[in-house]
Amino acid sequence: MPRWNKIVALSLFVVVAGASLGLVSQRHQVASLTAEDYIDIEQLYFAYTHAIDLGEPEGRDYAAVFTVDGVFALVMPHPNTAAASSMCPTRGAPWHVGEPDAIRGSMPDKAGLDVCIFTLNGSDDLAAMAVGFHKANGTSSRHIYTNLRITPAPDGARGLVYFNALNVSTKPPTNTNSGIYEDTLVKTPDGWRFKKRVHTHDGPFAEPSPQ
């Protein structure tokens, strides 16, 4: 190969490599989170627990930790009895029967588990659920979060946190529920908000039936 061809080829390689590195760097910048972002997201998680346990009776402070079109997806195991193994329990308004797309990419979806899905869609549903929760539990509930992990994402951030619920009206307090939240978070003009929360109750879950 003539020397000038080698020079042209080398120059093209440098240009292409530089462009590729620039794209990688650009993607990294889009996905990065500042120290303030991490702190603000942690505060959002704390605001959620306070709003659901001790919040305003009308539930609007609970709805406010989500975007206006925010989604809460509740994932539960199918009933254990063989007669009802193909039927999920019913949940009244404001809950809706959820489709598999509502939890696409979540742990139960990736594992192919046999689950029931219910969703709350938008601020009105979320506030209505909080109203019912407050009426049923008063101030006896405590949502406890542990092992929070926040990771950057192209559209904001992802969160994963363990969850336990306590009823503090008993002595000692009673553990009433546990599970995992997988969260999609976005940064809005009003700060970080939950775009979607996928809440998977701890099992037992059934393995998917053979096809």
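Worth saying up front: this structure is predicted, and the values here are computed from it rather than measured.

Draft legend 1. A look at the overall build of the protein chain. The helix and strand inventory of the protein chain stands at 5 helices and 7 strands. For the protein chain, the succession of helices and strands along the chain, N to C, is α-α-α-β-β-α-β-α-β-β-β-β. Looking at the protein chain as a whole, 35% of its 211 residues qualify as buried. A fraction of 62% describes how many contacts in the protein chain between residues 6 or more apart in sequence connect residues 24 or more apart.

Draft legend 2. Region of interest: the side chain of Thr67. Turning to its location among the elements, Thr67 is positioned in strand β1 (residues 66-77). Sequence-distant contacts of Thr67, that is, excluding residues within four places in its chain, are made with Ser123, Val186, Thr188, Arg193, Phe194 and Lys195.

Draft legend 3. The state of the cysteines, seen in detail. Applying the stated criterion across every chain yields a total of 1 disulfide. Between the sulfur of Cys88 and that of Cys116 lies a disulfide, 2.1 Å long from S to S. Looking down the S-S bond of the Cys88 and Cys116 bridge, the torsion is -95 degrees, so its handedness is left-handed. Of this pair, Cys88 sits in the loop between β1 and β2 (96-97) while Cys116 is found in strand β3 (residues 115-121), placing the two residues 28 residues apart along the sequence. The exposure class assigned to Cys116 is buried, which follows from its relative accessible area of 0%.

Draft legend 4. Region of interest: the sheet that holds strand β7 (residues 191-201). Sheet architecture is open: 7 strands sit in the order β2-β3-β1-β7-β6-β5-β4, paired in mixed fashion. Bordering the open sheet on either side are β2 and β4 (141-153), each of which pairs with just one other strand. Both β2 and β3 contribute to a ladder of 2 bridges, which runs antiparallel. In the sheet register, Val97 faces β3, and the bridge partner there is Phe118. Along the sheet, helix α5 (residues 123-137) contacts β1, β2, β3 and β4; its crossing angle with β1, the most-contacted strand, is approximately 55 degrees.

Draft legend 5. Region of interest: the environment of Asp109. Here Asp109 lies in helix α4 (residues 107-111). The partly exposed category is assigned to Asp109, whose relative accessible area is 24%. Measuring from C-alpha to C-alpha, the distance between Asp109 and Val75 comes to 10.0 Å, with 34 residues separating the pair along the chain. Reaching out from Asp109, the side chain makes a polar contact with the backbone nitrogen of Gly105 at a distance of 2.8 Å.

Draft legend 6. Seen up close, the pairing of strand β6 (residues 174-188). Here strand β5 (residues 156-167) runs beside β6; their pairing, made up of 11 bridges, is antiparallel. Bridging across to β6, Leu166 finds its partner in Asn175. Taking the residues between adjacent antiparallel strands as the criterion, β5 and β6 are bridged by 6 residues. Connecting the antiparallel pair β6 and β7 is a turn made up of 2 residues.

Draft legend 7. Structural view of the side chain of Asp125. Inspection of the secondary structure puts Asp125 in helix α5. Buried charge Asp125 goes without a salt bridge, the closest partner of opposite sign being Arg60 at 9.1 Å. When residues no more than four places from it in sequence are discounted, the contact partners of Asp125 are Pro94, His96 and Leu120.

Draft legend 8. Here's a closer look at the nonpolar core. Within the largest apolar cluster, 32 residues are counted, with the highest numbers of intra-cluster contacts made by Tyr48, Tyr62, Phe66, Phe72, Leu185 and Phe194. Considering every element that reaches this core, the biggest residue donor is helix α2 (residues 35-54), with 6 residues. Counting 7 residues, the second largest nonpolar core, distinct from the first, contains Ala73, Val75, Val115 and Ile117.

Draft legend 9. Representation of α2. Relative to the 28 Å expected for 20 residues at 1.5 Å per residue, α2 spans 28 Å between its end C-alpha atoms, a close match to the ideal helical length. All of the buried residues in α2 are Asp37, Ile41, Leu44, Tyr45, Tyr48, Thr49, Ala51, Ile52 and Asp53.

Thresholds applied
Once a new chain begins, its residue numbering starts again from 1 and follows that chain's sequence as written. The predicted nature of this model means local features are confined to residues of pLDDT at least 70 and side-chain atom pairs, given and counted, to a pLDDT of 80 or more, with totals for whole chains, interfaces and linings taken over all residues. Neither water nor hydrogens contribute to the side-chain values; these are computed over all heavy atoms in the structure. Put simply, DSSP H or I for four residues or longer makes a helix, DSSP E for two residues or longer makes a strand, and each gets a number counted from the N terminus. Only protein chains enter the accessibility calculation, which uses a 1.4 Å probe; a residue whose area is less than 20% of its type maximum is buried, one above 50% is exposed, and one in between is partly exposed. The contact definition used throughout considers only heavy atoms, calling two residues in contact when any of these lie within 4.5 Å. Cysteine sulfur pairs qualify as disulfides if the two atoms are within 2.5 Å. DSSP bridges decide pairing: two strands pair if at least two such bridges lie between them. Fitted lines through C-alpha atoms give the axes, limited to the stretch in contact for helices. The angle between two N-to-C directions lies from 0 to 180 degrees. Any pair of nitrogen or oxygen atoms within 3.5 Å is treated as a polar contact; in protein, a donor-acceptor pairing is required on top of that, and neighbouring residues in sequence qualify only through side-chain atoms on both sides. By the counting scheme adopted, Arg and Lys are positive, Glu and Asp are negative, and His together with the chain ends is not counted. Salt bridge, as applied in this entry: a Lys or Arg side-chain nitrogen positioned within 4 Å of an Asp or Glu carboxyl oxygen. Residues belong to one nonpolar core when they are buried, are Ala, Val, Leu, Ile, Met, Phe, Trp, Tyr or Cys, and are joined through side-chain atoms within 4.5 Å. One less than the residue count of a helix, multiplied by 1.5 Å, gives the span that helix is expected to have.

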